[in-house]
Amino acid sequence: MKSKTIHNAILATEKVFMAAYKRHDAKALVALYTKDAKIMPPNTKAVSGAKGMAALFKSFWEAGDTKIKLTTAEADGSGDYGFEVGKYALSNDAGKVTDSGKYIVVWKKVGGRWMLYRDIFNSDLPPPPPAA
């Protein structure tokens, strides 16, 4: 059974996430995650802790991925846990898409607020060729 409350809370937080990403506000992004959250980016180890997550976001911006668009395909849950499945697109300042792919987020309700608890994503683009 779909929980409209959880679905709407996830979509609202997603808008805050995209706005903070566009502002390059790592502190605001980290504040959307639980204290024990993990981000699992492709081709590297999982990241946890406020410093690690902030450094991860800063690395995206430094690489030129300055904007993000998230498109939710599914969002639901029960009790204190929810999930989200969607697609992402990263783009640079000129608006050129630099990466796109899919993600799954496990959400956790903490103190009455829905927060990102586990965040995993991977690209739909082929990996770059090996260095010569």
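Above this note sits the structure.
Rules of the game
- All residue numbers refer to positions counted from 1 along the written sequence of the respective chain.
- With pLDDT at 70 or above as the cut-off, local features in this predicted model cover only qualifying residues; side-chain atom pairs require 80 or more to be listed or tallied, and sums for whole chains, interfaces and linings still use all residues.
- Hydrogens and water molecules were not included; the side-chain quantities draw on all heavy atoms of the structure.
- Take a side-chain nitrogen of Lys or Arg and a carboxyl oxygen of Asp or Glu: if they are within 4 Å of each other, that pair is a salt bridge.
- Helix numbers and strand numbers start at the N terminus; a helix is a DSSP run of H or I with at least 4 residues, a strand a run of E with at least 2.
- By this rule the span expected of a helix is its residue count minus one, scaled by 1.5 Å.
- Think of it in three bands: with a 1.4 Å probe and only protein chains considered, a residue is buried below 20% of the maximum accessible area for its type, exposed above 50%, and partly exposed in between.
- Read the arc as the range of directions from the helix axis to the C-beta atoms.
- Planes of paired rings set the category: under 30 degrees apart is stacked, over 60 is edge-to-face and the rest tilted, where pairs are Phe, Tyr or Trp rings (Trp by its six-membered ring) whose centres lie within 6.5 Å.

Bringing the pattern of salt bridges into the picture now. Pairing is possible between side chains of opposite charge, provided their charged atoms come close. Summed over the entire model, instances satisfying the criterion amount to 3 salt bridges. For Lys102, the salt bridge identified is with Asp124, shortest N-O distance 2.6 Å. Separated by 22 residues along the polypeptide, Lys102 in strand S5 (residues 97–110) and Asp124 in the segment after strand S6 (113–123) bring together distant segments of the chain.

Helix length check: helix H1 (residues 4–23), at 20 residues, gives a terminal C-alpha distance of 29 Å against a target of 28 Å (1.5 Å per residue), a fit within 8%. Every buried residue of H1 is accounted for by Ile6, Ile10, Thr13, Glu14, Phe17, Ala20 and Tyr21. An end-on view of H1 places all buried positions within 130° of arc, on one side of the element. Facing away from the buried side of H1 by over 90 degrees, the exposed positions are Lys4, Thr5, Lys15, Lys22 and Arg23.

Per the stated rule, a full pass over the model turns up 9 aromatic pairs. Between Phe57 and Trp61, the aromatic rings sit 6.4 Å apart at their centres with planes inclined by 25°, giving stacked as the arrangement. Here Phe57 pairs with Trp61, and both are found in helix H3 (residues 50–62), just 4 residues apart, close to one helical turn. Summarising the burial analysis for this pair, Phe57 and Trp61 share the class buried. Seen from their ring centres, Tyr81 and Tyr117 are 6.2 Å apart, and the 65° between their planes marks the pair as edge-to-face. In this pair, Tyr81 sits in strand S4 (residues 81–91) while Tyr117 sits in strand S6, placing the two residues 36 residues apart along the sequence. In this structure Tyr81 comes out as partly exposed when scored by relative accessible area, which is 41%. Among the residues examined, Tyr117 registers a relative accessible area of 16% and is labelled buried.

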